Structure formats: structure tokens, C-alpha cells
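As a plain string of letters, each chain reads:
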Amino acid sequence: MITLTLAASLLIGVLLGVLGGGGSMLTVPILVYLVGQDTKQAITTSLFVVGVTSLAGLISHARAGRVRWRTGTLFGLAGMAGAYAGGRVAAYVPDTVLLVAFALMMLATAAAMLRSPRRAPEQAHGQLPLHRLLIQGLVVGAVTGILGAGGGFLIVPALALLAGLPMGIAVGTSLLVIAMNSFAGLAGHLSGSHLDWRLALAVTAAAVLGTLIGGRFAGRIPQHTLRIGFGWFVIAMGVFVLSRQIGPVVLAAVPAITAALLLQRRHVLRRRHVHRTDTPHAEGATASAPEPVTHY
């Protein structure tokens, strides 16, 4: 069982390194169902693993110039306040409620991953909507503190859409934010839980190795393919967790969930196709305008 746990931890690191998020939401189910930890201890351990792993993955992105330090620090500071508060609140929430909320978050994340990504809007005159960035940082931090997930699936879109960062830089910057949120959430959880340091360090070592591997492949693997594949995997994990907490009746909802997601994706692709065919293109145009980069 420990071999399977370490292999799964390696996968967590790879996903964090490549996507800037996503892998952390697998840590809690792994610790609960493979290792046998109770929910609160698993969340505490997850926050330690994700925090250290994100710092390790941050190194390769920083060396490649894919980290916007000022933006990440501002977002992360707001998130730390939410994460610490969320960690303290989680001690009073029943384990079943935490796991059900975690599974629902996984399904919502998968739905977001399966949708076609929107292009980041241009920021007028290079100004960031700082108040929105801080508010979203606070909300993401609270999610991190309560449920033990780094929130990369929320942080990357926020940095791309609100801060106007290109996706590659948003992924690298998100690792800084995830690390800050995770350690703040860990501080909140340690008041009511404890760490199994031997297990935490073993899982962290495997995840760090995976992050270093994933960081090398970041930008080389088609992001669309990764996002779609991981999205369906997260759906399966979310349904599994729900079925364990609520009962096998949840499995009956799988066909409906699958059909809804497929119909939604088909609708989005159809709208994109109609938009492309209706948009006139200048004859002889060979290159599009360069993507604006907002420095902050």
C-alpha cells in the first residue's frame, strides 16, 4: 500500500508542475482511502505536502521567468488570511461534511476544466482591479484552509483573467500563491490536529520529485489534452468520494453528469465554430497581434 501511495504522490507532483494546480486535490483522497487517515488529519498532512511541493515546483518556473512575484505576493497575502481562518473553522466541521464538500468541489473543478478556456481580457492602461484580486485571493485561501486543496484550479484563471497574465506565467505564479495559502492553512489546522511526520515527509519527497519532472514538461505537453484528461479523472474521483460518503445511489447520477458535461462542451464548440465562420478575416493577413502582457 505504501508503494501505491508514493506512486500516487508522484502523480500529484507531476500535475502541480505541469498545470500549476489540480494535483493537490488528489492528496486528501489518497491519504483517506489509501493510507487510512481520518479526514482532518489528511487535510493537515495535505497542506504540508502541497505547500512544500509547490515551493519545489516554483524553482523551475522562476528560473524560466514564469513567475510574477509582486502579483503573486499580493494574491497570496490575501489568501493566507482566508486560509488561516479556514483552517481554524475546519476543526468544527464534521468529517463527512468536509469530504462531501471536497467531492463537490472536485466535480465543479472538473466542469471548469472541461470547458473551453476564455481568453484573458486586456487590462485598460495596464491597471489591475486590485480589490477584485484581493477578494478572490481571500476566497481561494478560505477554500484551501477548510478543504486542504491548494486552489490552483481557481488561482490560475484568476491570475489570467483578473491580472491579465499569460497562461504560462499564471501557472508559475500560482505555485507561489498555493505555497503561501497551504502554510497559512496548515498553521490554522495544527491547533486541532497533528502530523504524522514520517508519512508526511515520504509523501512530500515523492511529490517533490514529481513536481521537478512536471516542471520540465511544462509548456511542452498540449495543455488542452492534459486539461480534458485530468478533468474526466477528477470527475471519477469526485463521484467515488461521494459514493463512499453518501452511498452507491450517487453512482446513478454519473450518466446524467456525463451527458450534461458533453452537451455543454458540444454547445461551447458549436458557438466557437459559428463565431469563427461569422467573423470576417482580412485577406492576406498572416499574423495576429501579439498577446498583451500586463506588468505589475
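Criteria and cut-off values
- Residues numbered from 1 in each chain as written.
- Predicted model: local features only at pLDDT ≥ 70, side-chain atom pairs only at ≥ 80, totals over all residues.
- Heavy atoms only, no water.
- Salt bridge = Lys/Arg side-chain N within 4 Å of Asp/Glu carboxyl O.
- Helix = DSSP H or I, 4+ residues; strand = E, 2+ residues; numbered from the N terminus.
- Buried < 20%, exposed > 50% of the residue type's maximum accessible area, 1.4 Å probe, protein only.
- Axes fitted to C-alpha atoms, helices over the stretch in contact; angles between N-to-C directions.
- Parallel < 35°, antiparallel > 145°, perpendicular 65-115°, else oblique.
- Left-handed = near helix turned anticlockwise from the far one by under 90°.
- Contact = heavy atoms within 4.5 Å.
- Patch = residues over 30% accessible without salt bridge, like charges linked within 9 Å, V, L, I, M, F, W, Y side chains within 5 Å.
- Areas by Shrake-Rupley, 256 points an atom, 1.4 Å probe, with all protein chains shown as cover.

**A short note on the pattern of salt bridges**
And step 1. Under the defined criterion, the tally for this structure stands at 1 salt bridge.
And step 2. The closest approach of N and O atoms between Lys40 and Asp95, which form a salt bridge, is 2.7 Å. On the criterion of sequence distance, the pair formed by Lys40 in helix α3 (residues 39-63) and Asp95 in helix α5 (residues 95-114) is long-range, its members being 55 residues apart.
And step 3. Owing to a relative accessible area of 18%, Lys40 belongs among the buried residues under this scheme.
And step 4. For Asp95, a relative accessible area of 29% corresponds to the partly exposed category.

**Details of the packing of helix α6 (residues 130-147) against helix α8 (residues 167-189)**
Packed helices, taken two at a time, are described by the angle between their axes plus the distance between the axes.
And step 1. For the pair α6 and α8, the least separation of the axes is 8 Å and the interaxial angle reads 50°. It follows that α6 is oblique to α8 by the angle criterion. Where α6 crosses over α8, the handedness of that crossing is right-handed. The segment α6 lies against α8, with Val140, Gly141, Thr144, Gly145 and Ile146 engaging Asn181, Ser182, Gly185 and His189.

**Some remarks on a nonpolar patch on the surface**
And step 1. Residues Leu209, Ile213 and Phe217 make up a contiguous nonpolar surface patch of roughly 260 Å² in combined accessible area.
And step 2. With respect to the secondary-structure elements, Phe217 resides in helix α9 (residues 197-217).

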